[in-house]
Amino acid sequence: METKIKPKRITDFKNDLVFKFMLSDLNDSRCYYLLKVIIEGITGIKCQELFVLNSELNPEHLSDKDMVLDVRVKTDEGKLIDIEMQNSALTKEVHYRFQIYGARMMVHQVNRGDLLYSENVHEVYTILFVNDIDRDNLLLIDTYMPRNQLNHVRKHNLLTHHNIYLPFIDAVVREKGLKNLSKIELAIYTLYHGITDDIIALNSEVVTMMKEKMDQFNEDEELVLAASKRQLVKIQHHQEKIRIRQEGKEEGELLKAKENTLMLFKSKYPQEDILMLENLTLSQYNEIFKALIENKNLQIIKEMIK
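Residues numbered from 1 in each chain as written. Predicted model: local features only at pLDDT ≥ 70, side-chain atom pairs only at ≥ 80, totals over all residues. Heavy atoms only, no water.

Undergrad: Any chance you could explain the pairing of strand 4 (residues 123–130) here in plain terms?
TA: The two faces of the sheet receive side chains in turn, since in a regular strand these alternate between them. Within strand 4, eight of the eight residues are buried, which leaves the element mostly enclosed by the surrounding structure. Here strand 4 shows two buried faces, one formed by Glu123, Tyr125, Ile127 and Phe129 and the other by Val124, Thr126, Leu128 and Val130. (Buried < 20%, exposed > 50% of the residue type's maximum accessible area, 1.4 Å probe, protein only. Helix = DSSP H or I, 4+ residues; strand = E, 2+ residues; numbered from the N terminus.)

Right under this line is the structure:
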């Protein structure tokens with residue numbers, strides 16, 4: 001009889017599927033509570049109602065580069081606010097992408113039929129959880145808004161972005177102590193470190209609910225398998241980006257070496273046919289350039305080409 005091997009248990013809240021599973025089902029009071037803690041703790045918005053606009057968890061979408069949580073908030077003042085949240089690395093591409101997300105969300109309001117510049121256009125917030133520290137901005141929650149040269153925020157600002165640098169929570173713990181963390185800080189600590197004995201010992205409602213959601217996630221073998229594959233997909237995307245960057249760097253070095261070699265060769269041997277210097281390797285261009293600098297004779301250089 002064939003024994004079915006269960007997929008390995010997921011313990012990392014930073015996994016895209018786990019992150020979305022923990023916050024997206026607002027029929028689950030734990031999801032609602034945790035999402036409210038995160039949004040209010042990061043943005044300062046007081047939420048009266050929350051709506052998740054893309055709550056579906058589809059294991060078939062494993063190859064998607066983005067897994068963004070799209071949220072609509074109604075504040076205590078009755079204002080509507082659109083929020084997009086994602087757990088990602090902080091690359092140049094992601095910097096661009098989240099600015100585009102914010103702009104797209106504002107444009108979408110107009111496309112729905114709202115009048116531009118009217119009271120119907122509402123604010124947009126983007127929230128990015130980053131598993132890294134920005135050495136230029138040593139903060140746990142880093143907030144960006146358009147400002148002028150006097151550091152004044154643009155009046156009637158519509159777009160605000162928050163980066164949450166997860167590893168910086170350790171600096172907060174060193175300063176405040178684990179027992180003195182706020183709800184949002186406890187959530188960030190657990191997102192970064194997972195469920196540890198010291199955090200469980202605090203008997204915090206935030207941590208208890210996060211643990212329960214993780215346990216619930218691991219009861220679904222299909223989701224666990226999808227989360228494992230999702231992590232592999234992200235690794236593959238990262239390796240592909242590294243490969244493309246490396247190939248681009250090597251191509252740039254080759255073109256530069258060729259350009260320098262041709263320029264120096266033509267200055268020393270203006271009557272010679274430079275076609276012999278086409279389609280050489282980076283190593284050959286570097287060796288020929290060095291030989292030209294050392295005033296080696298033409299015959300030696302031709303031998304190097306062969």
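Having put the structure on the table, let's press on.
Undergrad: Any chance you could explain the side chain of Asp134 here in plain terms?
TA: Structurally, the position occupied by Asp134 is in the loop between strand 4 and strand 5 (141–144). No salt bridge is formed by the buried Asp134, whose closest oppositely charged neighbour, Arg135, lies at an N-O distance of 7.5 Å. Here the side chain of Asp134 touches Asp136 through a polar contact of 3.0 Å, landing on its backbone nitrogen. In terms of polar contacts, Asp134 uses its side chain to reach the side chain of Asn137, at 2.8 Å. Each residue touching Asp134, except ones within four places of it in the same chain, is listed here: Tyr144 and Tyr165. (Lys, Arg positive; Asp, Glu negative; His and termini not counted. Salt bridge = Lys/Arg side-chain N within 4 Å of Asp/Glu carboxyl O. Polar contact = N/O pair within 3.5 Å; in protein donor to acceptor, adjacent residues only side chain to side chain. Contact = heavy atoms within 4.5 Å.)

Undergrad: I'm lost on the sheet that holds strand 3 (residues 80–88) in this one. Help?
TA: Picture the strands of a sheet paired through backbone hydrogen bonds; they go either parallel or antiparallel. With respect to topology, six strands assemble into an open sheet ordered 1-2-3-4-6-5, the strand pairing being mixed. Unpaired on one side and paired on the other, strand 1 (47–52) and strand 5 mark the two borders of the sheet. Taking each pair of neighbouring strands and ignoring which way they run, the sheet shows an average axis angle of 20°. With five bridges joining them, strand 1 and strand 2 (residues 69–75) adopt antiparallel strand pairing. Pairing of Cys47 across the sheet is with Thr75, part of strand 2. On top of the sheet, helix 1 (residues 16–24) reaches strand 1, strand 2, strand 3 and strand 4; it is set at about 150° to strand 3, its chief contact. On top of the sheet, helix 2 (residues 29–43) reaches strand 1, strand 2, strand 3, strand 4, strand 5 and strand 6 (159–165); it is set at about 115° to strand 1, its chief contact. (Pairing = 2+ DSSP bridges. Axes fitted to C-alpha atoms, helices over the stretch in contact; angles between N-to-C directions.)

Undergrad: Can you walk me through unusual backbone geometry in this structure?
TA: Phi is mostly negative for residues that are not glycine, and the peptide bonds are mostly trans. Phi angles above zero are rare outside glycine, and Asn151 is one such case at about 70°. Checked against the element boundaries, Asn151 lands in the loop between strand 5 and strand 6. The phi angle at His156 is positive, at roughly 55°, despite the residue not being glycine. On the secondary structure map, His156 appears in the loop between strand 5 and strand 6.

Undergrad: Explain the environment of Ala201 here, please?
TA: On the secondary structure map, Ala201 appears in the loop between helix 6 (197–200) and helix 7 (205–218). Of the residues examined, Ala201 reaches a relative accessible area of 63% and is grouped as exposed.

Undergrad: Help me understand the pairing of strand 6 in this model?
TA: Along strand 6, six of the seven residues are buried, which leaves the element largely enclosed by surrounding structure. Relative to strand 6, strand 5 runs antiparallel, the two being bridged by four bridges. Within the sheet, the bridge partner assigned to Asp142 lies in strand 6 and is Asn163.

Undergrad: Can you walk me through the nonpolar core in this structure?
TA: One finds Ile83, Met85 and Phe129 to be the most contacted residues of the largest nonpolar core, which totals 61 residues. In terms of residue count, helix 2 provides more of this core than any other element does, seven residues in total. (Core = buried A, V, L, I, M, F, W, Y, C linked by side-chain atoms within 4.5 Å.)

Undergrad: Quick question: what am I supposed to make of the side chain of Asn163 here?
TA: With respect to the helices, strands and loops of the structure, Asn163 is situated in strand 6. Owing to a relative accessible area of 1%, Asn163 belongs among the buried residues under this scheme. A distance of 2.6 Å separates polar atoms of two side chains, one belonging to Asn163 and the other to His161. In this structure the side chain of Asn163 is engaged in a polar contact, spanning 3.2 Å, whose partner is the side chain of Tyr165. Residues contacting Asn163, with those up to four places away along its chain left out, are Leu90, His95, Leu128, Val130, Leu140, Ile141, Asp142 and Tyr144.

Undergrad: What's the story with the packing of aromatic side chains in this structure? I'm lost.
TA: Aromatic ring pairs are reported here in terms of the distance separating the ring centres and the angle at which the planes meet. Counted according to the given criterion, the structure contains two aromatic pairs. The interplanar angle of 65° and the centroid separation of 5.3 Å between the aromatic rings of Phe19 and Phe129 together place this pair among those described as edge-to-face. Highlighted residues: Phe19 in helix 1 and Phe129 in strand 4, separated in sequence by 110 residues. Accessibility expressed as a relative area gives 3% for Phe19, which makes it buried. (Phe/Tyr/Trp six-rings, centres within 6.5 Å; stacked < 30°, edge-to-face > 60°.)

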